[in-house]
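# Understanding the architecture of this molecule
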Amino acid sequence: MNNNDLSRRKDDHLDIVLDRHKATTRVSAGWASVQFEHCALPELDHGQIDLRSSLLGIALQAPLLISSMTGGANRSEAINRHLAEAAQELGIAMGVGSQRVSLQTGNDQGLTRELRRYAPGIALLSNIGAAQLLEPQGLDLARRAVDALEANGLIIHLNPLQEAVQPEGDRNWRGVLTQIARVAASLPVPVIVKEVGAGLSVSVARSLVEAGVQVIDVAGAGGTSWAAVEGERAANPADRAVAMAFAGWGIPTATAVQSIRDALPQVTLIASGGVQDGVDAAKAIRLGADIVGQAAGALAGATLSTEAVIEHFQIVIRQLRTACFCTGSANLAALRNARLLPTGSLRTTQA
């Protein structure tokens, strides 16, 4: 695939994700099965609730990550600037979209050290696809992705389903885990591995941690379906039919978070995938997430202005703070032990 085709594909992705009727998965993220026990007597000052957290040793004012969402589209430069400026203003983390196009073409899409100038104080994460690590220069590509942004960590994204249903996709994934381990051992910054909307199982998460990965982002089913995205951009009916059959595929985010936290109690865990608001974020933290990521929900604002992104996440933060207040949780540690109603399919053992 040539560079123009890569950029055009990323632009198609952006258009489809912005149309929420096209890209939404048929799977629930699982938040409805988690219900907090309401505390009618919180004995707290709402304004004093402490939402501070950290990622990779960098302080956050709230446990939020602007998840990877843009790659090679020409409009990505403005989107990335808006996201970075908002993250800096709010004191939250940011992960960029795939840097493959910017590193392999003359069009950097704003994914340069200038992005770090917009957000000098945040946890900024670079991003490369796992399949690209199999290329002869895969390790160099990973290093360049980090250097390009002066990033604090590298996201390696796993998207085997998307690649399998994409006519031009990378389908040979033999040796990916070995390459991830090689990158984790070679880079001067921590490695984060995430799915892109189909979730991570306990067995895969455990293999990644054993390979040296420091942070796991479950990126579960319940939000954007990249199989559906590829189905929407398919040029012929057969490709569309194959892709759309998997629009309901994946591990729900709530299930992935809870099961991985139970199996790997020490790993830094990010919950993303179908997080609609701060109440979902509170539920993710209660189930074991350290940080909560959101992408598609913030994308429309990011196409407009920095202020629109700030306003969006201020609402999420207010919702999260109110969820803490109404569970009697003065901080995130208390929220992780908030009482749950004994309903739903997920385990809801009360603290």
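Residues numbered from 1 in each chain as written. Predicted model: local features only at pLDDT ≥ 70, side-chain atom pairs only at ≥ 80, totals over all residues. Heavy atoms only, no water.

## Let's talk about the overall build of the chain
Summing up its helical and strand segments, the chain has 16 helices and 10 strands in all. For the chain, with 351 residues in total, the buried portion stands at 56%. Across the chain, contacts joining residues at least 24 apart in sequence account for 77% of those joining residues at least 6 apart. Summed over its atoms, the accessible surface of the chain is roughly 14200 Å², and 48% of this surface lies on carbon and sulfur atoms. (Helix = DSSP H or I, 4+ residues; strand = E, 2+ residues; numbered from the N terminus. Buried < 20%, exposed > 50% of the residue type's maximum accessible area, 1.4 Å probe, protein only. Contact = heavy atoms within 4.5 Å. Areas by Shrake-Rupley, 256 points an atom, 1.4 Å probe, with all protein chains shown as cover.)

## Describing the nonpolar core
The biggest cluster of nonpolar side chains holds 85 residues, and the ones touching the most others in it are Met94, Leu154, Ile156, Ile180, Val183, Ile216 and Leu335. Looking at this core element by element, the count peaks at 8 residues for helix α15 (residues 306-325). Grouped together as the second largest cluster of nonpolar side chains are 12 residues, Leu55, Ala93, Leu125 and Ile192 included. (Core = buried A, V, L, I, M, F, W, Y, C linked by side-chain atoms within 4.5 Å.)

## Details of the UniProt feature "binding site: FMN" (unreviewed entry) in the chain
As recorded in UniProt, the feature "binding site: FMN" (unreviewed entry) lies at Ser67, Ser68, Met69, Thr70, Ser98, Asn127, Lys194, Thr224, Ala295 and Ala296. Its place among the elements puts Thr224 in the loop between β8 (215-217) and α10 (226-232). (UniProt positions renumbered as here; feature names shortened; annotations may be inferred.)

## Some remarks on the sheet that holds strand β9 (residues 268-271)
Taking strand neighbours around the barrel as the criterion, the 8 strands line up as β3-β4-β5-β6-β7-β8-β9-β10 in a closed arrangement whose pairing is parallel. Put simply, the sheet's adjacent strands are angled 25° from each other on average, direction ignored. Relative to strand β5 (residues 124-129), strand β4 (residues 93-95) runs parallel, the two being bridged by 2 bridges. Within the sheet, the bridge partner assigned to Gly95 lies in β5 and is Leu125. The strands that α15 touches are β3 (64-66) and β10 (291-294); relative to β3, the one it contacts most, it runs at about 155°. (Pairing = 2+ DSSP bridges. Axes fitted to C-alpha atoms, helices over the stretch in contact; angles between N-to-C directions.)

## What about the UniProt feature "binding site: substrate" (unreviewed entry) in the chain?
Per the UniProt record, "binding site: substrate" (unreviewed entry) is annotated on Arg9, Lys10, Ser98, Gln99, Arg100 and Gln162. Note that Arg100 resides in helix α4 (residues 100-104). The exposure class of Arg100 is buried, given its relative accessible area of 15%.

## A short note on the pattern of salt bridges
Evaluation of the coordinates by the stated rule reveals 9 salt bridges. Linking Asp170 and Arg100 is a salt bridge whose minimum nitrogen-to-oxygen distance equals 3.9 Å. Note that Asp170 is positioned in the loop between α7 (160-165) and α8 (176-186) and Arg100 in helix α4, a separation of 70 residues in sequence. Arg233 is paired through a salt bridge with Glu168; the nearest N and O atoms lie 3.1 Å apart. Linking Arg233 in the loop between α10 and α11 (237-244) with Glu168 in the loop between α7 and α8, this pair joins segments that are 65 residues apart in sequence. (Salt bridge = Lys/Arg side-chain N within 4 Å of Asp/Glu carboxyl O.)

## Quick word on the pairing of β10
The alternating pattern of β10 places Ile291 and Gly293 and Val292 and Gln294 on opposite faces, both of which are buried. One ladder, built from 3 bridges, connects β3 with β10; its direction is parallel. Across the sheet, Ile66 pairs through a bridge with Gln294, a residue of β10. Examined bridge by bridge, β9 and β10 share 2 bridges and lie parallel to one another. When the bridges of β10 are listed, Ile270 appears paired with Ile291. In this region the chain leaves β9, passes through helix α13 (residues 278-287) and returns to the parallel neighbour β10; the handedness of that crossover is right-handed. (Right-handed = clockwise from strand over helix to strand, strands pointing away.)

## Digging into the environment of Ala295
Tracing the chain through its elements places Ala295 in the loop between β10 and α14 (296-302). Taking C-alpha positions, Ala295 is 8.6 Å from Leu65, a pair spaced 230 residues apart along the chain. Dropping the residues within four chain positions of it, Ala295 is found in contact with Ser67, Ser68 and Met69.

## What about the pairing of strand β6 (residues 153-158)?
Burial within β6 is extensive, with 6 of its 6 residues counted as buried. Because side chains alternate across β6, one face comprises the buried residues Gly153, Ile155 and His157, and the other comprises Leu154, Ile156 and Leu158, equally buried. Two elements, β5 and β6, share 5 bridges in a ladder whose sense is parallel. If you follow Asn127 over to β6, its bridge partner there is Ile155. Taken together, β5, helix α6 (residues 138-149) and β6 constitute a β-α-β crossover, and its handedness is right-handed.

## Thoughts on unusual backbone geometry
Of note in the backbone geometry, Glu43 takes a positive phi value of approximately 55° without being a glycine. Locating Glu43 in the fold gives a position in the loop between α2 (20-23) and β1 (53-55). For Glu43, a relative accessible area of 68% corresponds to the exposed category. For Ala219, which is not glycine, the phi torsion reads 40° and is therefore positive.

## Quick notes on the packing of α13 against α15
At a closest axis distance of 7 Å, the pairing of α13 and α15 adopts a crossing angle of 55°. Classed by the angle they form, the pair α13 and α15 counts as oblique. The hand of the α13/α15 crossing is right-handed. Each of Gly278, Val279, Ala281, Ala282 and Ile285 in α13 lies in contact with α15, whose residues at this interface are Val316, Gln319, Leu320 and Ala323. Among the residues forming the contact of α13 with α15, the class breakdown is 7 nonpolar, 2 polar and no charged. (Parallel < 35°, antiparallel > 145°, perpendicular 65-115°, else oblique. Left-handed = near helix turned anticlockwise from the far one by under 90°. Nonpolar A, V, L, I, M, F, W, Y, C, P; charged D, E, K, R; others polar.)

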